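Residue-level structure breakdown
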Amino acid sequence: METSAPPASKPASVSPWSPDPNIRWHFDIDIVGGCNLRCPTCPVGNLPDIRVAKGYMQPSLLEKIVKKAILECNRLQISLYNWTEPFLHPKLGEMIRVVRSHDLRCLVSSNLNIIKNIDDVMAADPTRLRTSVSGFTQEKYGITHKSGDIDLVKKNMALVSRARDRNHSSTVLELCFHRYLGNHEEEVHMRRYAESLGFKFVPVWAYFMPLEKVLAYAEGGANNVQLTEEDRTVIDRLALPLDKALEASKKYRDKPCVLQEQQLAITLKGDVMLCCSVYDQSKYTLGSYLDMSLREIQEKKYQQTICGTCMKNGAHSLAVYGAEELDQIALANVAEHHPDAKLKSMHELARDRHRLDQRLMRKVKKSYRKARRKIAAV
């Protein structure tokens, strides 16, 4: 039997936080204060009146953050993005080197409508460079990647691929294809193009953000945030319908929040946000990361009222695709609107990627053994 979720009027938890040495912490750090696109599923596009910090994080500040994080976290990886476009930073390569110099995984995500100093970036060897798209043609891509140019993205994908090879980088290139209603026919074309350039192809069900707007949808408003007609139009385009997704996710509302327990979101000024899902820095900034211990940060998180509201609605589970039913809900919705669509579930795609990785690993091992035999025979 399900137990009742924490009421919205109280914090999600006020229990003292204690560290778990087995946690792999995820730090999502915005190193710039903006993005060059205005996507309607992202707060940069759908909350234009909310002011956030502008400018660039200096490498010296990132160095201090990373050093403190290493002292406090037994296991750690760092993403140089949350709501923003990393390639807007004039010293992105240097920022990546700050992280990599400490032998940490460094993840970068870009819309690839802009690539500055790509050779320097690839030479810095980020662990992964992810690109997100929502179509193969401008007709589809331009709807949900507003102000973006898919032909420029495809051109830049090729430039990134060549730069990686030219600089002998080990960076994993990944193309994340956002599935909406009506873009299924373009998925196969983008897969072929991406894989021809050495990108791993990862389709995902598109999701509407930030948390403030999700709760506005679920409860008719959150902290005076309201949905616009454009919001409702883009929600109707989701292959994974938001109402049914939230309904399914409520079944998992009593599960711990991964974002609360294992993740920190940090602004370009070095301030800690409540989590990576909220956007309004005037409401959800907890304080300077360098001025608080990890214990203090976590205890502040557990005192936030919005966490109770989020968990009551299952939004914390939906944010990480934590409900098992989501795949089938999305596939059924696509089939209802587009009976001709032949899409695999996330589970099937993950299984296929695992099998491919296993085949590639066997091929690498075989080549290695062959090379060793040749050396031994000399």
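Residues numbered from 1 in each chain as written. Predicted model: local features only at pLDDT ≥ 70, side-chain atom pairs only at ≥ 80, totals over all residues. Heavy atoms only, no water.

1. Here we look at the packing of helix α8 (residues 211-219) against helix α10 (residues 242-249)
Viewed as axis vectors pointing N to C, α8 and α10 meet at an angle of 90°, and their least axial separation amounts to 11 Å. It follows from the interaxial angle that α8 and α10 lie roughly perpendicular. Here α8 contributes Val214, Tyr217 and Ala218 to the contact with α10, which in turn contributes Leu242, Asp243 and Leu246. When the residues that make up the contact of α8 with α10 are grouped by side-chain class, the tally is 5 nonpolar, no polar and 1 charged. (Axes fitted to C-alpha atoms, helices over the stretch in contact; angles between N-to-C directions. Helix = DSSP H or I, 4+ residues; strand = E, 2+ residues; numbered from the N terminus. Parallel < 35°, antiparallel > 145°, perpendicular 65-115°, else oblique. Contact = heavy atoms within 4.5 Å. Nonpolar A, V, L, I, M, F, W, Y, C, P; charged D, E, K, R; others polar.)

2. Looking at the nonpolar core
Judged by nonpolar contacts, the single largest core of 112 residues is most densely connected at Phe27 and Leu80. Looking at which element gives the most residues to this core, the answer is helix α6 (residues 150-166), with 6 residues. Look past the residues within four positions of Leu80 in its chain and what remains in contact with it is Ile29, Ile31, Leu62, Pro86, Leu92, Met95, Ile96, Val99, Cys106 and Leu107. (Core = buried A, V, L, I, M, F, W, Y, C linked by side-chain atoms within 4.5 Å. Buried < 20%, exposed > 50% of the residue type's maximum accessible area, 1.4 Å probe, protein only.)

3. Notes on the pattern of salt bridges
The full count for this structure, using the stated rule, is 15 salt bridges. Taking the shortest distance from any N to any O, the salt bridge between Glu230 and Lys146 comes out at 3.8 Å. Placement of the pair is Glu230 in helix α9 (residues 229-236) and Lys146 in the loop between α5 (138-144) and α6, with a sequence separation of 84 residues. Salt-bridge contacts for Asp151 lead to Lys154; the nearest nitrogen and oxygen are separated by 3.8 Å. Linking Asp151 with Lys154, this pair stays in helix α6, spanning 3 residues, or about one helical turn. Given a relative accessible area of 12%, Lys154 falls into the buried group. (Salt bridge = Lys/Arg side-chain N within 4 Å of Asp/Glu carboxyl O.)

4. Focus on the packing of aromatic side chains
Throughout the structure, instances matching the rule amount to 5 aromatic pairs. Taking the centre distance of 5.9 Å and the plane angle of 40° together, the rings of Phe177 and Phe201 count as tilted. A residue pair is termed long-range when its members are at least 10 positions apart, and Phe177 in strand β5 (residues 172-179) and Phe201 in strand β6 (residues 200-205) qualify at 24 residues. For the pair Phe177 and Phe201, one class covers both residues: buried. Just above the ring of Tyr289 sits the side chain of Lys68; from NZ or CZ to the centre is 3.7 Å. Here Lys154 stacks its cationic end above the ring of Phe136, 3.6 Å away from the centre of that ring. (Phe/Tyr/Trp six-rings, centres within 6.5 Å; stacked < 30°, edge-to-face > 60°. Lys NZ or Arg CZ within 6 Å of the ring centre and 35° of its normal.)

5. Describing the side chain of Asp231
For Asp231, the location among the structural elements is in helix α9. Classification of Asp231 as buried rests on a relative accessible area of 2%. The residues contacting Asp231, other than those within four sequence positions of it, are Pro40, Asn46, Phe208, Lys213 and Gln226.

6. Observations concerning unusual backbone geometry
Between Met209 and the following residue, Pro210, the backbone shows a cis peptide bond with an omega angle of 5°. With respect to the element layout, Pro210 can be found in the loop between β6 and α8. Even without being a glycine, His168 presents a positive backbone phi close to 55°. Along the chain, His168 turns up in the loop between α6 and β5. For His168, a relative accessible area of 73% translates into the label exposed. The phi torsion at Tyr321 lies on the positive side, around 50°, for a residue other than glycine. Looking at the element boundaries, Tyr321 is found in the loop between α15 (315-318) and α16 (326-337).

7. Quick look at the confidence of the model for the chain
In the predicted model, the chain carries a mean pLDDT of 91, and 88% of its residues have values of at least 70. This stretch, residues 1-14, has a pLDDT under 50; its non-local contacts, to residues over four places away or in other chains, come to 36 contacts. (pLDDT = per-residue confidence, 0-100.)

8. Looking at the sheet that holds strand β2 (residues 75-79)
Read from one edge of the open sheet, 9 strands run β6-β5-β4-β3-β2-β1-β7-β8-β9, paired in mixed fashion. Edge strands, defined here as strands with exactly one partner in the open sheet, are β6 and β9 (285-288). Averaged over all pairs of adjacent strands, the angle between strand axes in this sheet comes to 25°, irrespective of strand direction. Summarising the sheet, strand β4 (residues 128-133) and β5 pair through 6 bridges and their orientation is parallel. (Pairing = 2+ DSSP bridges.)

9. What to know about empty space enclosed by the protein
Applying the stated criterion across every chain, the model contains 2 cavities of 30 Å³ or more. Of the pockets and cavities examined, the largest cavity occupies roughly 140 Å³. Forming the walls of the largest cavity are 15 residues, and the residues nearest its centre are Leu211, Cys257, Cys275, Cys307 and Cys310. Only α11 (258-262), α14 (305-312) and α15 provide two or more residues apiece to the lining of the largest cavity. Taken together, the residues of the lining of the largest cavity sort by class into 11 nonpolar, 3 polar and 1 charged. Each pocket or cavity is described by its volume, and for the second largest cavity that value is around 40 Å³. In terms of lining, the second largest cavity is formed by Arg179, Tyr180, Asn183, His184, Glu187, Trp205, Ala239, Val334 and Leu343. For the lining of the second largest cavity, the per-class residue count stands at 5 nonpolar, 2 polar and 2 charged. (1 Å grid on protein atoms, 1.4 Å probe; cavity = no way out; pocket = protein on both sides within 12 Å on 5 of 7 lines; lining within 4 Å. Points joined across faces, edges and corners; volume = space filled by probe spheres on them.)

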